[in-house]
Amino acid sequence: MTSLSRKLLPSTSALAAFDSVARLGSFSAAADELALTQGAISRQVMSLEEQLGVRLFERGARGVALTTEGRAYAKSIASALGEIRSASLQIMTKTHGNTLNLAMLPTFGTRWLLPRIPDFVANHPEITINFATRIGQFDFEREQLDMAIHIGQADWPGAESTFLMHEMVAPVCSPQFLSAHPVEKGEDIAALPLLHMASRPGAWGHWFESLGLSLALPQGMRFEQFSSVAQACIAGLGVALMPLFLIDNELKSKQLVKAFDHQARSPSSYYAVAPLSRANHVPVVLFRDWLVRQVEAYRAVNSEASQK
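Model, not experiment: these values are computed from the prediction.

## Regarding the packing of helix H3 (residues 27-34) against helix H4 (residues 38-52)
At a minimum axis separation of 8 Å, H3 and H4 run at an interaxial angle of 105°. One way to sum up the angle between H3 and H4 is to call them roughly perpendicular. Contacts from Phe27, Ser28, Ala30, Ala31 and Leu34 in H3 reach Gln38, Ile41, Ser42 and Val45 in H4. For the contact of H3 with H4, the per-class residue count stands at six nonpolar, three polar and no charged.

As structure tokens, then:
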């Protein structure tokens, strides 16, 4: 390679440092992103400027700003670095396997996750997802699973947990049931037939406590699946405490309505969990990143809807 050719091909570490500073606007932020010291980032950028023979940043007391040449260069190399990252991920996927064995919660999977899966498949056709249904913690190695959608706490031993979303619950029933049993205040709910989820024995108590009420609650029908308790509500058997995001369709179609307009955050939250041995497995990384983006998009849409 000629001297000119070498000059026209800066090191990827220098380009990555420059790209990070250009995007984030500071050497310290770039250092955090790339897990390097601020001095190392500064040296990489200075080396790049020397190699190109042009100043890429204006340095001042208030920080750094791209020069005209720096802005043009940052725009040009961003797409090139993106293509390199994409190509690296593709070859890593082919080298290390292209299958993701995923455990999902039954209702979360069928009502929220699976309708969104076509988007992941369209963007990553090289990855095959095998689905399994699991509730609670299990042994990833014994079950031969790479990842799980879990509700609970970020306390899965030997695993990395990525927060997805909190769960907001409210009492719901059929419109006909509410018409026959009008509710004016939270205490009125306690006098109605309460439907329970076997996996959430303390849910009703937690909801009443969020209203500042401590009540002795009667026994009621108990169900194993949210889909079953939703159907029981539609049939007019009583009031159930339901995660609102899992019954979007029933609420929009007016099959179910809120019996009382008070939401409470469940003690448990949703997490994407992967064993430490698989945390950097390419299909796991790609799916986890995609899942976080889907949650952010869902949250943004619902935030806009609530403000209308």
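## Section: the packing of aromatic side chains
Applying the stated criterion across every chain yields a total of 20 aromatic pairs. Considering the side-chain rings of Phe287 and Trp290, the 5.3 Å spacing of their centres and the 40° angle between planes classify their relative orientation as tilted. With Phe287 and Trp290 both in helix H14 (residues 282-307) and three residues apart, the pair spans about one turn of that helix. Given a relative accessible area of 2%, Trp290 falls into the buried group. Put simply, the rings of Phe108, Trp112, Phe245, Tyr270 and Tyr298 touch in pairs and so form one group of aromatic residues. The ring centre of Trp112 lies 4.1 Å from the NZ or CZ of Arg116, which sits over that ring.

## Describing the pattern of salt bridges
The final tally for this structure, using the stated rule, is twelve salt bridges. A salt bridge links Asp19 to Arg23, with the shortest nitrogen-to-oxygen separation between them at 3.0 Å. Residue Asp19 and its partner Arg23 are both found in helix H2 (residues 12-24); the two are separated by four residues, about one turn of the helix. Arg23 sits in the partly exposed class, given a relative accessible area of 47%. In this structure, the salt-bridge partner of Glu160 is Arg288, at a minimum N-O distance of 3.1 Å. Of this pair, Glu160 sits in strand S6 (residues 159-173) while Arg288 is found in helix H14, placing the two residues 128 residues apart along the sequence. Judged by its relative accessible area of 10%, Arg288 is buried.

Conventions used here
- Residues numbered from 1 in each chain as written.
- Predicted model: local features only at pLDDT ≥ 70, side-chain atom pairs only at ≥ 80, totals over all residues.
- Heavy atoms only, no water.
- Axes fitted to C-alpha atoms, helices over the stretch in contact; angles between N-to-C directions.
- Helix = DSSP H or I, 4+ residues; strand = E, 2+ residues; numbered from the N terminus.
- Parallel < 35°, antiparallel > 145°, perpendicular 65-115°, else oblique.
- Contact = heavy atoms within 4.5 Å.
- Nonpolar A, V, L, I, M, F, W, Y, C, P; charged D, E, K, R; others polar.
- Phe/Tyr/Trp six-rings, centres within 6.5 Å; stacked < 30°, edge-to-face > 60°.
- Buried < 20%, exposed > 50% of the residue type's maximum accessible area, 1.4 Å probe, protein only.
- Lys NZ or Arg CZ within 6 Å of the ring centre and 35° of its normal.
- Salt bridge = Lys/Arg side-chain N within 4 Å of Asp/Glu carboxyl O.

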